[in-house]
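So you can see what is in the structure, the chains are spelled out below.
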Amino acid sequence: MKYQNRIELLQGTLDMLILQTLQWGNNHGYGIANAIRANSGELLKVETGSLYPALHRLEKQGWVKSEWKLTETGQRAKFYHLTAAGKKQLASEHDRWTQLSAAIAGIMNPAARES
Amino acid sequence: MRFFPFRRRENDLDAEIAAHLKMAEQDRVDRGETTAQARSGARREFGSEALVKETTREVWGWNGLRSLARDLRYAVRIVRKNPGFSAVVIATLALGIGANSAIYSAMRAALTPAPIPAMDRVAIVWTDNFKRGEHEFPVSAPDYLDWKGSGAFSSLAIFEQKGRNMRLGSRTERLDGINATDGFFETIAIRPLIGRVFGPQDSQPGHDDVAILSYGLWRSRFAADPAVVGSKVILDGAAYTIVGVLPAAFPRYGKDPIYSPKLLTDAIDSDRGSRHYFAIGRLAPGLSLDAARKRLDDLGTRLAASYPMTNAGTTPRPQPLQEAFVQDARTMLAVLFGAVGFVLLIACANIANLVLARGTSRAREMTVRAALGASRWQLARQSLTENLLLAIAGGVLAMAPAAAAKTLITTFSIEELPNADLITLDWRVLVFNLILSAVTGIVFGMVPALQMRNVQVHEALKSAGRAVAGGSHQRLRGLLVVSEVALTLILLAGAGLMARTFLRLRAAYPGYDTRGVLTMKVALPVRQYQSGDRQSGFFARVMEQAAAVPGLRAIGAIDDLPTSDNLHGTGLTFPDRPEPRSEDIPLVLRNSVIGDYFHAMRVPLLRGRYLNDADGKDAPRVAVIDEWTANRFWPHQDAVGRPFRFGRRGAVHHVVGVVRNVDAGVADTVFKGRLGHFYLSAWQEPQPVMTLVARTDGDPLSLVSGIRDVVRRIDVDQPVFDVMTMSAVRAAGSTSQELISLLLGGFAALALVLAAIGIYGVVAYNVGRRTREFGIRMSLGAQRSDVLRLVAGRSLVLAATGIGIGLAGAYALTSVMKDLLYGVAATDPITFAAVTVILAAVTLLAGYLPARRATRIDPVLALREE
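Residue numbers here run from 1 along each chain, matching the order of that chain's written sequence. The naming scheme follows written order: chains are lettered A onward, ligands numbered 1 onward. Residue-level local features of this predicted model are given only where pLDDT is at least 70; pairs of side-chain atoms are given and counted only at 80 or more, and the full residue set underlies all totals for whole chains, interfaces and linings.

*Asks:* Describe the pairing of strand β10 (residues 238-245) of chain B, with residues and values.
*Replies:* Residue and element names in this part refer to chain B. As paired strands, strand β7 (residues 194-195) and β10 are joined by two bridges and run antiparallel to one another. Residue pairing across strands places G195 opposite G244, the latter belonging to β10. At least two bridges found by DSSP between two strands are what make those strands a pair. The numbering of helices and of strands both runs from the N terminus, where a helix is a DSSP run of H or I of at least 4 residues and a strand a run of E of at least 2. Direction of pairing for strand β9 (residues 232-235) relative to β10: antiparallel, over a ladder of four bridges. The partner of V233 across the bridge, within β10, is Y240. Counted along the chain from β9 to the antiparallel partner β10, the turn is two residues long, and its residue D236 has a positive phi close to 50 degrees.

Structure, rendered in structure tokens:
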């Protein structure tokens, strides 16, 4: 099953996106997936088969923690929130991403280079 | 709350996913979808729940254990849901593995080293004669004394197995005995349980009246009384002092023997050509076996130069004790191990076949599971788990056939198989079984896993699972059947050759009539019967008085029965022919007979006369020979009246009669070819140990007490022993062949059944798959015979290919069994043809039965199906 009209996420990028999404507040899996899709202008769709393993992996690393709470519509859901370590991890991944995307942009758009 | 960490997380994940779905559903309802639409939409968007769970669990880390538990649960369910299939697989494996473990334990027992300190330094030393092609002959006393001086050994001893008559209270009975020279116990280096072993002082003439008891003898005849050391025992009419008792672990020759010192004082011990002792030695410190071999070679060359008459071409050859110990059993064990290996391979091929056949019916299940997100590895793992489960069940159950085979092997108590009493089915055998079954499980479990490799989920689902059973799959099954048939043919050929050997050894007319003949041995101690006259006189008196025993028709005696493995070989020369080179002197067998031996055994006279009591000590030396010998040494002339000698200097004898050939049993198998056979009068060539041979019209055992009484009346000190009917004696001579025939035959029969099942399965499956096609063919006018040809054709091709390959394999492999065969070539065409016919018939029948079903297809029903 392929979704050729959508961009496949780079390995490791999903973790960063999840951490970034959680910076705006606690959220459950469904909410995180929706937030990523909405904030990417419908371009990025997170597969549940990647999302839940990622969440559990992040939790195992100690970057997020989870607890069961009620949503505003009264639905019981498992909410994830960032830990201090998670915030640090997000900052370092963000830096790495900025560098990487600048580097890639430099290669892809040579005209924009100041030389 | 940490008791069920799996369960808690599992529930947690389930709830998390359920919440996800609920929220997605709610959003869709909010957007205006109906509840039903929203539910299926949310599910579709979510994707495979199972896959999400599986990949998430992998993150948890203990997935391996979890999935094993789940695979096992599933496997148990599958196994229980298919009791027929599972039973066939488990039974096949149990038989295959059971046969393997029985042979394995026999082999392990055979390879168990005797508990001799630094055993790798101990060697048996044989006389080899490369000029005459003689291998592993014993040694003569003069040669031994020269070898001893070679410096190759720190200790070297010779020994002989010599039965003793032991008087205990009022009874005299026959014991196995070993007479060994000084150095025997030093070489073996095992400390006695009680008392001492022999020292140099015991080898002084007049001080050699000492004896050592084996552990078994001490237990059975002396009630394990420690005070027995120092007491006297009467052996062959003379008193011996018991000086020690050996531990149970002492390596044995014979059954529970008594040991006494061997003094090299007899006349025969000065004859360098009289080789009848076994030599055992411990290598000198720091000397390697190769270095010792080199020294002995040099010594052999020197001796051959000094004594060309007796030693031309001979060389002493050391053989490590362990090797000597197992070599008799080696061929037998190799053949049996090969056979059980084949059986297991066939069982594996067959199970792979069954698994494949079932794989097709389970193809849909597999594709569905693949569609639901199971990875190929998961599917493969599942199939492996299932098959491992079956295999291990088979491996555990294999203990039953293994125990049966073990009982069979031990009840035969074959001489060639060392340590038969050590054959046990212990935890090591169970471990061996389990390893073997795990390996087989993996081997045939891989098959469906490989088969899943190319499954295109999409296509497979569309075609309702049929696509999996494609061409490559059928080719694989065909290949399996071909290899089964080929392996079966090899086994059948081996079994056939053994069966023919066995039948030849037992059923073929041996040249005498075994029915109604009783045999028993009497061994006169030379101490009590020193002269040959007294020895022959004793036996003549027994013959005379036994004639009065009711029912006795004829009685005679011979030094060694034709079935005996005790051979008296001697060189043959002719006074009327030119002096031959020593390596050209033929070896012939000679026996001493007395009384009506030929009548009692019903060996017909062809020319001349039998021996009789008139051929006495002072009469002209005479001999009766057999037909083969007459034709071999006196071709195209009448042998009667011709002269010959034993050795170059022996007395001239004349042939007085020619009798019908008698099978020499062991001699024929040992020398791989017939030897000349000479019967001498015991008056002229007396022997202290003779076997009485008595014929009656009824049950031979009815003569036992009568003859026993006669012997007792003549000399109460002489026990009668080895009382057996001639038929039993003959049967005992071929027990190892009988056992191998039985085992190989059983294995081959098993293989035949398995191969038949294999072919039947393939053809039946084919018929089932092509029912519709046959329906169409028949409605278009095809005759039943056309359909039959179509279906049977395939099994014919499979069987023919397998048989062809099997014949080639059997041709190459049966030569391994050469040493076990007798009277039949390793590539005997009759055996090969017979087993080919059997196998072809069975495989064709196995193919015909399902093919016939194809012809019974009702076209209308077949077309309407599906």
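*Asks:* Report on the interface of chain A and chain B, specifying residues and quantitative values.
*Replies:* Taken together, the 16 residues of chain A in the interface contact 16 residues of chain B. Contributions of two or more residues to the side of chain A that touches chain B are made by α2 (29-39), α3 (48-61) and β3 (76-82) of chain A. Residue contributions to the side of chain A that touches chain B peak at seven residues, all from α3 of chain A. Across the side of chain A that touches chain B, the residue classes break down as four nonpolar, seven polar and five charged. For the purpose of contact definition, each residue receives a C-beta atom placed from its backbone, and two residues are in contact when these atoms lie within 7 Å. Residues were grouped as follows: Ala, Val, Leu, Ile, Met, Phe, Trp, Tyr, Cys and Pro as nonpolar; Asp, Glu, Lys and Arg as charged; and all remaining residues, including Gly, as polar.

*Asks:* Tell me what's going on with helix α2 (residues 35-46) of chain B, and back it up with residues and numbers.
*Replies:* Taking 1.5 Å of rise per residue, the twelve residues of α2 of chain B would be expected to cover 16 Å, and the 16 Å separating its terminal C-alpha atoms lies within 8% of that figure. Among the residues trailing α2 of chain B, G47 of chain B stands out with phi positive, at a value near 90 degrees. To estimate how far a helix should extend, the number of its residues minus one is multiplied by 1.5 Å.

*Asks:* Can you tell me about the packing of helix α26 (residues 784-813) of chain B against helix α27 (residues 829-855) of chain B, naming the residues and giving the values?
*Replies:* Residue and element names in this part refer to chain B. Lines fitted to the C-alpha atoms define the axes, with helices restricted to the stretch that makes contact. Angles between their N-to-C directions range from 0 to 180 degrees. Following both chains from N to C, one finds α26 and α27 inclined at 155 degrees, their axes separated by 9 Å at the closest point. The orientation of α26 relative to α27 falls into the category roughly antiparallel. At the point where α26 passes α27, the crossing takes the right-handed sense. Across the interface between the two elements, R784, V787, L788, V791, A792, S795, L796, A799, I803, L807 and A810 of α26 pack against F832, T836, L839, A840, T843, L844, G847, Y848, A851, R852, A854 and T855 of α27. Comment on the angle field: the value is read as roughly parallel under 35 degrees, roughly antiparallel over 145, roughly perpendicular from 65 to 115, and oblique elsewhere. Each crossing gets its hand from how the near helix is turned against the far one by less than a right angle, where anticlockwise is left-handed and clockwise is right-handed.

*Asks:* Before we move on, can you summarise unusual backbone geometry with the specific residues and values?
*Replies:* All names here are of chain B. For A224, which is not glycine, the phi dihedral falls at a positive 55 degrees. By the secondary structure assignment, A224 is in the loop between α8 (215-222) and β9. Phi at D236 takes a positive value of approximately 50 degrees, unusual for a residue other than glycine. With respect to the helices and strands, the residue D236 is situated in the loop between β9 and β10.

*Asks:* Describe in detail the environment of S531 of chain B, supporting the description with residues and values.
*Replies:* With respect to the helices and strands, S531 of chain B occurs in the loop between β14 (517-523) and α18 (532-546). Each C-alpha atom, one on S531 of chain B and one on Q687 of chain B, is 9.8 Å from the other, the two residues being 156 residues apart in sequence.

*Asks:* Requested: an account of the confidence of the model for chain B, with residues and values cited.
*Replies:* For chain B, per-residue confidence averages 83 on the pLDDT scale, and residues scoring 70 or more make up 90% of the total. With a pTM of 0.62, the predicted complex shows an ipTM of 0.84. A score between 0 and 100, pLDDT records how confident the predictor is in each residue.

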